[in-house]
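# Coordinate inspection notes
For reference, the chains in residue letters:
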Amino acid sequence: MRIQKDLIRSEDPAKDRILKAAFKLFYSKGYPNTGINEILEEAGAFKKSLYIHFPSKRDLGKAYLLEQEEAILGFVKRIAKREKNYSDFIGSWMKMLRRGLKNTYIYGCPYANLSNQTHDEPEISDFVKVALNRWVQDFELCLKEITWSSKKVKTSSELKEISESILFYYQGALQLYGMSGDFKHINRLEKALLSLDR
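Just so you know, these numbers come straight off a predicted model, no measurement behind them. (Residues numbered from 1 in each chain as written. Predicted model: local features only at pLDDT ≥ 70, side-chain atom pairs only at ≥ 80, totals over all residues. Heavy atoms only, no water.)

The final tally for this structure, using the stated rule, is 11 aromatic pairs. A centroid spacing of 5.7 Å and a plane angle of 80 degrees characterise the contact between Phe26 and Tyr64, whose relative ring orientation is edge-to-face. Residue Phe26 is located in helix α1 (residues 13–29), and its partner Tyr64 is located in helix α4 (residues 57–82); the two are separated by 38 residues in the primary sequence. Neither Phe26 nor Tyr64 differs from the other in exposure class; each is buried. Through a chain of ring-to-ring contacts, the aromatic side chains of Tyr86, Phe89, Trp93, Phe139, Trp148 and Tyr170 assemble into a single cluster. Across the ring face of Phe183, the terminal group of Lys102 is positioned such that the distance to the ring centre comes to 5.8 Å. Taking the ring centre of Trp148 as reference, the NZ or CZ of Lys154 above it sits at 4.9 Å. (Phe/Tyr/Trp six-rings, centres within 6.5 Å; stacked < 30°, edge-to-face > 60°. Helix = DSSP H or I, 4+ residues; strand = E, 2+ residues; numbered from the N terminus. Buried < 20%, exposed > 50% of the residue type's maximum accessible area, 1.4 Å probe, protein only. Lys NZ or Arg CZ within 6 Å of the ring centre and 35° of its normal.)

Pasting the structure below:
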């Protein structure tokens, strides 16, 4: 499944307002607790505008997931291009993550939050499973360019294992942070990620 960027990039102001409203409400109230009428009211849009672009709330949910994936992975890729040493890469990522959690992502990972709220929607669950494979592949690509403290080039299987571990630690820490608001989970995340440099 390819990322459908047309879901999230638009020249239509009504579509953009609907997306912005849906993203805000899905994150602050949760996907199941947000109704279509509430999104339309927040966006100042009509149902016709919504259904032209999004035949269902599920389509809005997928657009939300795509936008969050692009934001999170795009951010990681930019840091990996700048920081060629693994420990510097992790340090810069964690610094920016802490800033984002204080200012924007106060409830934890928006991607995981919506994913956890839609287990009863097979279409979204399948969408997420495919996306998680993309995350691992994107981490692998970033890590191929990284210098490790051992100076040893990692094999493809090692890079895949490290990438899966990064995703595991990242999502675990963000879920715990979202539940507690305690930055100790982000500090533990940084230590766990640094320990992968062996």
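Structure shown, so let's carry the discussion forward.
Within the UniProt annotation, "DNA-binding region" (unreviewed entry) is assigned to residues 35–54. Along residues 35–54, the helical share is 75% and the strand share 0%, with 14 Å between the first and last C-alpha atoms. (UniProt positions renumbered as here; feature names shortened; annotations may be inferred.)

Looking now at the domain arrangement of the protein. One frequently used descriptor of interface size is the decrease in accessible area upon assembly of the parts. Partitioning the protein into domains gives domain 1 (9–55) and domain 2 (57–195). Taking only C-alpha atoms, the centre of domain 1 and the centre of domain 2 are 26 Å apart. Contacts between the two partners involve 17 residues from domain 1 and, on the opposite side, 22 residues from domain 2. For the pair domain 1 and domain 2, the summed buried surface comes to about 1600 Å²; carbon and sulfur atoms form 67% of the total. By the criterion of area lost to domain 2, the three top residues of domain 1 are Phe23, Tyr27 and Tyr31, representing 51% of everything that side buries. Scanning the region where domain 1 abuts domain 2 turns up zero salt bridges. (Domains from an automatic or database assignment. Contact = heavy atoms within 4.5 Å. Buried area = accessible area lost by both parts, 1.4 Å probe. Salt bridge = Lys/Arg side-chain N within 4 Å of Asp/Glu carboxyl O.)

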